[in-house]
Amino acid sequence: MHGDYCQFSRKTLKNMKRLYSVSAFVLFTFILSAQSLPEGFNCSTIIVGKEASATGNVLIGHNEDDGGMQVVNFYKISPDDVEAGEAVMKNGAVIDLPGQTYGHIWLEMPGQDFADSFLNENGVLVTSNSCPSKERYGEITDGGIGYNLRKIIAERAESARHGVELAGDLVSELGYNASGRTYTIADTKEAWMLSVVRGKHWVAMRVPDNHVVYLPNYYIIKQIDFNDSDNYLYSGGLKEYAVTRNWYKEEDGEFNFREAYGNERSAESMSNIGRMWIGVNKMSPSEYDIQDSFPDSFIPDEPVTVSHIMNILQNHYEGTHLDDSEKYTVHNPHQNKTMNICAGHQQMSFVAELRNNMPVEIGCRMWIAPRRGCVHAYMPVYYGVSDFPAGYKYYKNNDEVYENHFRVPEDMYNENNGKAWWSFISVTSFVDDDYGLRIAERKEFKNKLQQEYFEEAAKFDARLSEMWKRNHDEALETVTEFNNMIFEKALQSNKEYMQENK
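Residues numbered from 1 in each chain as written. Predicted model: local features only at pLDDT ≥ 70, side-chain atom pairs only at ≥ 80, totals over all residues. Heavy atoms only, no water.

### Quick notes on the packing of aromatic side chains
Following the criterion strictly, the structure yields 26 aromatic pairs and no others. On the basis of an interplanar angle of 45° and a centroid distance of 6.1 Å, the ring pair of phenylalanine 114 and tyrosine 176 is categorised as tilted. With phenylalanine 114 in the loop between strand 8 (104–108) and strand 9 (117–120) and tyrosine 176 in strand 11 (residues 176–186), this pair connects stretches of sequence that are 62 residues apart. As far as the burial class goes, phenylalanine 114 and tyrosine 176 line up, both buried. Judged by centre distance (4.8 Å) and plane angle (40°), the rings of tyrosine 392 and phenylalanine 487 are tilted. Of this pair, tyrosine 392 sits in the loop between strand 18 (379–382) and helix 11 (400–403) while phenylalanine 487 is found in helix 14 (residues 472–500), placing the two residues 95 residues apart along the sequence. The structure contains a cluster of three or more aromatic residues connected by ring pairs, namely Phe74, Phe388, Tyr392, Phe424 and Phe487. (Phe/Tyr/Trp six-rings, centres within 6.5 Å; stacked < 30°, edge-to-face > 60°. Helix = DSSP H or I, 4+ residues; strand = E, 2+ residues; numbered from the N terminus. Buried < 20%, exposed > 50% of the residue type's maximum accessible area, 1.4 Å probe, protein only.)

If you want it as structure tokens, here you go:
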């Protein structure tokens, strides 16, 4: 069986409730870290419509920020036929099985409800940002849905819009069981933001093809055209419910989702405002002041490249008044009072290139930097990779991933377990120990490797299309060989760097 929610019966669920506790050590470190972080301030996302990118392709940049001791595992899950029946969600809700699930890349963070990212065989990508709402109650049915939502999108979505519709229907039916969140759901043609609120209210906005978005940890969708179903989707009674809660009055003027449903503390936090200010100004033709009202989407000053996104994702407010590290001389910039885009609790950074008019296997790829993008080069990973090396994942059998996601063995966090993750952790920790002194040399080392990745991927692309035309299977074998080379190159580079700095 593949590790799907749909494999669990009601009887199995009873056993699972005993297994869904993370080890005491992991829970303790998570709590300690969570106490030092602003509530709900996790993740940054950049969305680039296809006409706003330099290559004419949808681009998604994302920093995954999560406190505590974490691990990121890489899995390639095969498509599967599923017997008809019922699927039991983590909290007990039951939904119908789809009959078939699509294959997907799963960037998994064990024990976490809202940290995983996915790219499926239809080129549908899903990731998310915490966006706290003001809703403290909300209607929840049978435990609601939260953790399973993005995995259902990965398994079932045929397109980005279809993913939004699937998720919207589930939230409307069961209720979202966390405070709030904005999911980025994209494919090779378009990108959407889906903002969900605790309970059964949500709104989705299609990002205009010639626009870009920077998304921090508050809702950024403001006005909604309730008559434009091509670009906006929403739950029933969205405006009316806000009226009943006294969050909106008709006499106040046009309905504003962010003002009605958004958490004021989050919206007013400088850790959100500062990141929004930098993210928008790095792409906008207009120079915004930090006190200004920022647009939810806008036309960039120039076509956006993968490198441009990577640079924004590595930002620490350099050259601005928010960099109280004073160019890394006072302290590590990840200790800035105002949370950076490149945050101290970042666990992974990636840029997804969803290339159109190409088969997904060779056209969709993710540039992934484990742990922190300011320290590590972004590795090109093609969707067509057949599997990931044993060192980059924990379980040999992919069927165990979902089953054990909340049943995390202590060995997962053992730095001597031979997994690749610790190689990236060791380099990051070494740089962090004296960031101001070490980062210049590290950036030179990293940028050289990044340029090699760009050049190797370009050369590989030049012959990959012809290989695909001749023989799909042989082309996919070559994709896996190429990615294995990249994965090994990254580890070898980490080893060389650490040896040079003994």
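### Here we look at the sheet that holds strand 1 (residues 44–48)
Across the sheet, six strands lie side by side as 14-1-2-16-17-18; this open sheet has antiparallel pairing. Of all strands in the sheet, those bounded by a partner on one side alone are strand 14 (212–215) and strand 18. Adjacent strand axes in the sheet meet at a mean angle of 15° when their direction is disregarded. Against the sheet, helix 9 (residues 306–313) makes contact with strand 1, strand 2 (58–65), strand 16 (346–354) and strand 17 (364–370), and its axis sits at roughly 160° relative to strand 16, the strand it touches most. (Pairing = 2+ DSSP bridges. Axes fitted to C-alpha atoms, helices over the stretch in contact; angles between N-to-C directions. Contact = heavy atoms within 4.5 Å.)

### What to know about helix 13 (residues 435–470)
The α-helix advances 3.6 residues per turn, and as a result positions three or four apart in sequence lie on the same side. A rise of 1.5 Å per residue sets the reference length of helix 13, with its 36 residues, at 52 Å; its end C-alpha atoms lie 49 Å apart and thus fit the reference within 8%. The largest bend along helix 13 reaches roughly 30° and is located at arginine 463. (Expected span 1.5 Å × (residues − 1). Bend = angle between axes of the 7 residues up to and from the residue.)

### Some thoughts on the sheet that holds strand 8
The antiparallel open sheet is built from eight strands, whose spatial order is 3-8-9-10-11-12-13-15. The strands lining the two open edges of the sheet, one partner per strand, are strand 3 (73–77) and strand 15 (232–234). Pairs of neighbouring strands in the sheet enclose a mean axial angle of 15°, with direction left out of account. Set on the sheet, helix 4 (residues 160–174) makes contact with strand 11, strand 12 (191–199), strand 13 (201–206) and strand 15; between it and strand 12 the angle comes to about 5°.

### Brief notes about the side chain of histidine 62
Structurally, histidine 62 is set in strand 2. You can call histidine 62 buried: its relative accessible area is 0%. Within the structure, the side chain of histidine 62 is placed 2.8 Å from the side chain of threonine 45, a separation counted as a polar contact. A polar atom in the side chain of histidine 62 sits 3.2 Å from the side chain of threonine 127. Setting aside chain neighbours within four positions, we find histidine 62 in contact with Cys43, Ser44, Thr45, Ser117, Thr127, Ser128, Asn129, Leu313, Met348, Ser349 and Phe350. (Polar contact = N/O pair within 3.5 Å; in protein donor to acceptor, adjacent residues only side chain to side chain.)

### Quick word on the packing of helix 12 (residues 421–433) against helix 14
At a closest axis distance of 9 Å, the pairing of helix 12 and helix 14 adopts a crossing angle of 35°. In this structure, helix 12 meets helix 14 at a crossing whose hand is left-handed. Of the residues in helix 14, those touching helix 12 at Ser423, Phe424, Ser426, Val427, Phe430 and Val431 are Ala490, Leu491, Asn494, Tyr497 and Met498. Of the residues in the contact of helix 12 with helix 14, the class split is eight nonpolar, three polar and no charged. (Left-handed = near helix turned anticlockwise from the far one by under 90°. Nonpolar A, V, L, I, M, F, W, Y, C, P; charged D, E, K, R; others polar.)

### Points about the pattern of salt bridges
It is possible for side chains bearing opposite charge to pair when their charged atoms get close. Counted under the stated rule, the structure contains 18 salt bridges. Between lysine 151 and glutamate 155 there is a salt bridge, with its nearest N and O atoms 2.5 Å apart. With lysine 151 and glutamate 155 both in helix 3 (residues 147–156), this residue pair falls four residues apart, about one helical turn. Taken individually, lysine 151 and glutamate 155 each receive the classification buried, so the pair is uniform in this respect. (Salt bridge = Lys/Arg side-chain N within 4 Å of Asp/Glu carboxyl O.)

### Here's the deal with the packing of helix 3 against helix 4
Running from amino to carboxyl end, helix 3 crosses helix 4 at an angle of 140°, the nearest separation of the two axes being 9 Å. Viewed along their axes, helix 3 and helix 4 adopt a mutual orientation that is oblique. For the pair helix 3 and helix 4, the sense of crossing is right-handed. When helix 3 is examined against helix 4, the residues Leu149, Ile152, Ile153 and Arg156 are found in contact with a partner set consisting of His162, Gly163, Leu166, Ala167, Leu170 and Val171. (Parallel < 35°, antiparallel > 145°, perpendicular 65-115°, else oblique.)

### Some words on unusual backbone geometry
Phi at tyrosine 317 takes a positive value of approximately 70°, unusual for a residue other than glycine. Relative to the helices and strands, tyrosine 317 is located in the loop between helix 9 and strand 16. Of the residues examined, tyrosine 317 reaches a relative accessible area of 1% and is grouped as buried. We note that arginine 371 has phi near 65°; this positive angle belongs to a residue other than glycine. Relative to the assigned elements, arginine 371 resides in the loop between strand 17 and strand 18.

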